[in-house]
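Report on the structure
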Amino acid sequence: IGRQQLKKLSAFVDARKRNWQALRVGLADLEDVFEFSLPTHATGWGSDGFTWDSSGCSSDPSWFGFMILVREDAPFSRTELARHLDSNGIGSRMLFGGNLLRQPVFQELSVRRPGAFRQIGDLKGADAIMQRALFLGVYPGLSDEQLAYCVRIIAAFCHGASGPNGS
């Protein structure tokens, strides 16, 4: 099975990149309510690709998913957006992990064995991911129509949201 799947790898990678790009282009005008992620060493994004820092490093990711970080001042929460997507047949999930120290196992570990791990910094970024990030899949089998539908549903939700409950 693995050898057969490896034959499809380059097509899968190309499709994931294409699907990520379709979502990024389609949602580009929503930067007032979303923050979009960049690969390491990227300083910006345009419809023709990424701009890179002066390190000389760049990357060419095969995206597993498309992360949306709902801005703190957005008129809706990540949970409200996720519920809306779900009610329209669009799957999403929280980004894995976030601030692992907020997970019950680490909370319990900090009580039972206080020296078992250490925390460096305030972990505000990890908290933001845990509270405001949403992950959309870029499965290689998605059609252009499915991606356009996803963009349409998200844009309509964002443009209709004017209060804390999207009303």
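Before any of the text, the structure's been laid out above.
Here is a short report on the structure shown in this document. (Residues numbered from 1 in each chain as written. Predicted model: local features only at pLDDT ≥ 70, side-chain atom pairs only at ≥ 80, totals over all residues. Heavy atoms only, no water.)

Observations regarding a negative patch on the surface
On the surface, Asp-29, Asp-32, Glu-72 and Asp-73 cluster together into a patch of negative charge. Within the secondary structure, Asp-32 is located in the loop between helix 2 (9–26) and strand 1 (34–36). (Patch = residues over 30% accessible without salt bridge, like charges linked within 9 Å, V, L, I, M, F, W, Y side chains within 5 Å. Areas by Shrake-Rupley, 256 points an atom, 1.4 Å probe, with all protein chains shown as cover. Salt bridge = Lys/Arg side-chain N within 4 Å of Asp/Glu carboxyl O. Lys, Arg positive; Asp, Glu negative; His and termini not counted. Charge placed at Lys NZ, Arg CZ, Asp CG, Glu CD. Helix = DSSP H or I, 4+ residues; strand = E, 2+ residues; numbered from the N terminus.)

Here we look at the side chain of Asn-19
Here Asn-19 lies in helix 2. Using a relative accessible area of 3% as the deciding quantity, one classes Asn-19 as buried. At a separation of 2.8 Å, a polar atom in the side chain of Asn-19 contacts the main-chain carbonyl oxygen of Tyr-139. Contact partners of Asn-19, with chain neighbours within four places excluded, come to Val-138, Tyr-139, Pro-140, Leu-142 and Leu-147. (Buried < 20%, exposed > 50% of the residue type's maximum accessible area, 1.4 Å probe, protein only. Polar contact = N/O pair within 3.5 Å; in protein donor to acceptor, adjacent residues only side chain to side chain. Contact = heavy atoms within 4.5 Å.)

A few points about the sheet that holds strand 5 (residues 133–137)
Neighbouring strands of a sheet are bound in pairs by backbone hydrogen bonds; such pairs are parallel or else antiparallel. Strand order in the open sheet formed by 3 strands is 1-4-5, with antiparallel pairing between adjacent strands. Each end of this open sheet is capped by a strand with a single partner; those strands are strand 1 and strand 5. Pairs of neighbouring strands in the sheet enclose a mean axial angle of 30°, with direction left out of account. Bridge count between strand 4 (residues 65–70) and strand 5: 5 bridges; the pairing is antiparallel. The residue of strand 5 that forms the bridge with Gly-65 is Gly-137. Contacts from helix 3 (residues 78–87) reach strand 1, strand 4 and strand 5 within the one sheet, and its direction differs from that of strand 5 by about 25°. (Pairing = 2+ DSSP bridges. Axes fitted to C-alpha atoms, helices over the stretch in contact; angles between N-to-C directions.)

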